[in-house]
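Reading the structure
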Amino acid sequence: MTEVTGKVDFKVGDDTYQTWYKIVGDLTSGAHPLIVLHGGPGVSHDYMTPLAEIHNKCNIPVVFYDQIGIGKSFFEGVPDKPKEFWTVDLFMDELDNLVTHLGVQNGFALLGHSWGGMLGAHYASHRHPVGLKHLVITSGAPSMALWVQSTSQLLKALPADVRETIERHEKEGTTDSPEYQQMVGIFFEKHVCKSPWPKVMETSFAAMMQHPTVYHTMAGPSEFTITGTLKSWSCLDQIHTITTPTLLTNGVMDEAQDVCVSPFFQRIPHVKWAQFSQRHMPFL
């Protein structure tokens, strides 16, 4: 299995950042590469690397990358950036920049997980890249309001003491307390990924814990309390314009419940929906 890593300069205003990427397979093979958009925002790509199996089984090149601000694309000064810096447009520009650098703008597929699915849907419905041949939205949502509706329903279904502890710490701003982390762990066990976590999952979340700026600025303190720049985000009114053949997936126990996924199914013209008997990360 051929692996190549690199960095591409990404210019934003007068500043230049670097996007780290890894290619599994050969971009000159003739097969359209699959570009993987990780979740978070602000969780590194590592937990997505089991998708390299797509190359092993189908000989399709797979491209992983860390979005700027996290993992191998972290840069000094991330905590000092104003919240207005961290926008959906920023990450669409970064994706365009990577696609052009790799020379695959005439033919590629996208797979976005969680926040990556939101980014992929927004990208496909607002920029309509001519080279986008397939879109896979895995456990994403077309609006943050629907995401919160889904996670809030699941939070209410937890035992009362767990739910009340989570809500109390979020209200008091003490989400760094061990008690809060323990209670959120119960939610994660049920709806995100069962324990023990695979090493790649631990690596991704350790990266976020070490550099939490992107997640906290764009999302907030948790999966159910969104206070960041994505709070009012939506592409609901645009997803009907996605002409790319699209595959949706989620899990029965997923924090992205059907309320998140169903609008994609109802509004995207060429779409198939597959559901796993799993949590948020069936590929693990």
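Source: prediction; values computed, not measured.

1. What to know about the overall build of the protein
Check the secondary structure of the protein and you find nine helices and eight strands. A compact globule built from 284 residues would reach a C-alpha radius of gyration of about 19 Å, and the protein, at 18 Å, matches this within 12%. Referenced to the eigenvectors of the C-alpha coordinate spread, the extents of the protein come out at roughly 55 × 40 × 35 Å. Sorting the 284 residues of the protein into buried and exposed places 52% on the buried side. In the protein, the proportion of contacts linking residues at least 24 apart, taken out of those at least 6 apart, comes to 73%. For the protein, the distance from the average position of its 20 positive side-chain charges to the average position of its 29 negative side-chain charges is 5 Å.

2. With respect to the side chain of H191
When you line up the elements, H191 lands in helix 6 (residues 178-191). Take H191: its relative accessible area is 4%, and that puts it in the buried class. In this view, H191 contacts L154, M253, D254, E255, R279 and H280; residues no more than four positions away in its chain are not counted.

3. So, the nonpolar core
The biggest cluster of nonpolar side chains holds 84 residues, and the ones touching the most others in it are I35, I68, W86, F91, L110 and I166. Looking at which element gives the most residues to this core, the answer is helix 2 (residues 88-102), with eight residues. Once you skip the residues sitting within four places of it in the chain, I68 turns out to touch F10, Y17, Q18, T19, S73, F75, F85, W86, L90, F91, E94 and V214.

4. What to know about the UniProt feature "domain: AB hydrolase-1" (unreviewed entry) in the protein
As annotated in UniProt, the feature "domain: AB hydrolase-1" (unreviewed entry) corresponds to residues 33-255 in the numbering used here. From the first C-alpha to the last, residues 33-255 spans 28 Å; its make-up is 41% helix and 13% strand.

5. Remarks on the sheet that holds strand 1 (residues 3-12)
Strand order across the open sheet formed by eight strands is 1-2-4-3-5-6-7-8, with mixed pairing between neighbours. Across the chains shown, the open sheet's two edge strands, defined by having one partner strand only, are strand 1 and strand 8 (271-276). Strand after strand, the sheet turns through a mean of 20 degrees between neighbouring axes, direction not considered. Alignment of strand 3 (residues 34-37) against strand 5 (residues 108-113), held across four bridges, turns out to be parallel. Note that in strand 5 the partner of V36 across the bridge is L111. Packing against the sheet, helix 2 makes contact with strand 1, strand 2 (15-24), strand 3, strand 4 (62-66) and strand 5, and its axis sits at approximately 130 degrees to strand 1. Most of the contacts of helix 9 (residues 258-267) go to strand 8, to which it runs at about 160 degrees, and overall it touches strand 6 (132-138), strand 7 (246-251) and strand 8.

6. With respect to the pairing of strand 7
Counting buried positions along strand 7 gives five out of six residues, so the element sits mostly inside the fold. Taken together, the four bridges between strand 6 and strand 7 define a ladder with parallel strand orientation. Pairing of L135 across the sheet is with T246, part of strand 7. In terms of strand pairing, strand 7 meets strand 8 through six bridges, oriented parallel. Across the sheet, residue T249 finds its bridge partner in strand 8, namely A274. After leaving strand 7, the chain enters helix 9 and then returns to the sheet as strand 8, a path that is right-handed.

7. Description of the side chain of K22
Looking at the secondary structure, you find K22 in strand 2. K22 gets classed as buried once you look at its relative accessible area, which sits at 15%.

8. Here we look at the pattern of salt bridges
For side chains bearing opposite charge, pairing can occur when the charged atoms are close. Summed over all chains, the structure comprises six salt bridges. With a shortest N-O distance of 4.0 Å, K22 and E3 are connected by a salt bridge. Of this pair, K22 sits in strand 2 while E3 is found in strand 1, placing the two residues 19 residues apart along the sequence. Accessibility expressed as a relative area gives 43% for E3, which makes it partly exposed. Note that D93 is salt-bridged to R127, the shortest N-O span being 2.7 Å. With D93 in helix 2 and R127 in the loop between helix 3 (115-126) and strand 6, this residue pair connects regions lying 34 residues apart in the sequence. Judged by its relative accessible area of 34%, D93 is partly exposed. What makes R127 partly exposed here is its relative accessible area of 29%.

Rules and cut-offs
- Residues numbered from 1 in each chain as written.
- Predicted model: local features only at pLDDT ≥ 70, side-chain atom pairs only at ≥ 80, totals over all residues.
- Heavy atoms only, no water.
- Helix = DSSP H or I, 4+ residues; strand = E, 2+ residues; numbered from the N terminus.
- Rg over C-alpha atoms; globule rule 2.2 N^0.38 Å.
- Buried < 20%, exposed > 50% of the residue type's maximum accessible area, 1.4 Å probe, protein only.
- Contact = heavy atoms within 4.5 Å.
- Lys, Arg positive; Asp, Glu negative; His and termini not counted.
- Charge placed at Lys NZ, Arg CZ, Asp CG, Glu CD.
- Core = buried A, V, L, I, M, F, W, Y, C linked by side-chain atoms within 4.5 Å.
- UniProt positions renumbered as here; feature names shortened; annotations may be inferred.
- Pairing = 2+ DSSP bridges.
- Axes fitted to C-alpha atoms, helices over the stretch in contact; angles between N-to-C directions.
- Right-handed = clockwise from strand over helix to strand, strands pointing away.
- Salt bridge = Lys/Arg side-chain N within 4 Å of Asp/Glu carboxyl O.

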